[in-house]
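Here is how the chains run, residue by residue.
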Amino acid sequence: MAVRWFLLLSRQGKVRLSKWYVTLPQKERARIIREITPMVLGRALKLCNFLDWKDQKVVYKRYASLYFVCGIDGGDNELITLEIIHHFVEVLDRYFGNVCELDLIFNFHKAYFMLDEMMLAGELQEPSKKAVTRVIEVQDQLVEAAKQGAGAAPGAGLAGLSMERTRYH
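Notes on the structure follow.

What counts and how
Residues numbered from 1 in each chain as written. Predicted model: local features only at pLDDT ≥ 70, side-chain atom pairs only at ≥ 80, totals over all residues. Heavy atoms only, no water. Helix = DSSP H or I, 4+ residues; strand = E, 2+ residues; numbered from the N terminus. Expected span 1.5 Å × (residues − 1). Buried < 20%, exposed > 50% of the residue type's maximum accessible area, 1.4 Å probe, protein only. Arc of directions from axis to C-beta. Contact = heavy atoms within 4.5 Å. Pairing = 2+ DSSP bridges. Patch = residues over 30% accessible without salt bridge, like charges linked within 9 Å, V, L, I, M, F, W, Y side chains within 5 Å. Areas by Shrake-Rupley, 256 points an atom, 1.4 Å probe, with all protein chains shown as cover. Salt bridge = Lys/Arg side-chain N within 4 Å of Asp/Glu carboxyl O. Axes fitted to C-alpha atoms, helices over the stretch in contact; angles between N-to-C directions. Phe/Tyr/Trp six-rings, centres within 6.5 Å; stacked < 30°, edge-to-face > 60°.

So, on to helix α1 (residues 26–41). For α1, spanning 16 residues, the distance from its first C-alpha to its last is 22 Å, which sits close to the expected 22 Å at 1.5 Å a residue. Among the residues of α1, those classed as buried are Ile32, Ile33, Ile36, Thr37 and Val40. Seen from one end, α1 has its buried residues packed into an arc of 125°, which puts them on one side. In α1, the exposed positions that point more than 90 degrees away from the buried face belong to Lys27, Arg34 and Pro38. Packed against the buried residues of α1 are β1 (3–10), β2 (15–20), β3 (50–53), β4 (56–63) and β5 (66–73).

Turning our eyes to something else, we now look at the pairing of β1. Within β1, seven of the eight residues are buried, which leaves it mostly tucked inside the rest of the structure. Here β1 runs beside β5; their pairing, made up of seven bridges, is antiparallel. Across the sheet, Leu8 pairs through a bridge with Phe68, a residue of β5. With five bridges joining them, β1 and β2 adopt antiparallel strand pairing. Bridged to Leu8 within β2 is Leu17. Connecting the antiparallel pair β1 and β2 is a turn made up of four residues, with Gly13 showing a positive phi of about 95°.

Together, Leu102, Ile105 and Phe106 make up an exposed nonpolar region whose accessible area comes to about 310 Å². Given the relative accessible area of 60%, Phe106 is considered exposed.

All right, on to unusual backbone geometry then. The backbone of Lys54 shows a phi angle near 55°, a positive value even though the residue is not glycine. With respect to the helices and strands, Lys54 occurs in the loop between β3 and β4.

In spatial order, the strands read β2-β1-β5-β4-β3; together these five strands make up an open sheet with antiparallel pairing. Of all strands in the sheet, those bounded by a partner on one side alone are β2 and β3. Within this sheet the neighbouring strands show an average axis-to-axis angle of 20°, counted without direction. Its contacts with the sheet place α1 against β1, β2, β3, β4 and β5, and it is angled at close to 140° to β3. The strands that helix α2 (residues 78–96) touches are β1, β3, β4 and β5; relative to β4, the one it contacts most, it runs at about 35°.

Quick look at the packing of aromatic side chains now. Applying the stated criterion across every chain yields a total of six aromatic pairs. A centroid spacing of 6.1 Å and a plane angle of 40° characterise the contact between Trp5 and Trp20, whose relative ring orientation is tilted. Linking Trp5 in strand β1 with Trp20 in strand β2, this pair joins segments that are 15 residues apart in sequence. Of the two residues, Trp5 and Trp20, neither departs from the other in class, the shared state being buried. Through pairs of rings, three or more aromatic residues link up here, namely Phe6, Tyr63, Phe68 and Phe88.

Fair warning: the whole summary comes from geometry, so function is off the table for now.
Here is the structure:
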């Protein structure tokens, strides 16, 4: 079970996030986005969230004004992919507090970091929302410490931070 690609689309069809877990040329990526976007946006709300497309399945879920879209292999489980999408939305909500499209526009780097922290090579790596959020908060502390310590001696602003990562089993 592996996600081949992950897209975040607005209702207007603008790509807000795209993550590719398979190597594809830029033209192929653009073609996939161009073909998938109208298929997903044009579907009625009461229709199923799964589409067969070429040799892949497209799994999507709409949250407010955003569509979370994944491409998976034909034999993979669509419901697990829906759970991965929902898990990502819960992580975003936990960090931003009721995430909206503007949060993702102005903090796109954090959304990518959260997705990278959650998934590795298209597979769910970290199922704990708390662990993902904690890593993001540590990164925020590092950024703040680096900003404050920009004029100080190297490493002076990072003295009080714990870089330890807790594992939950």
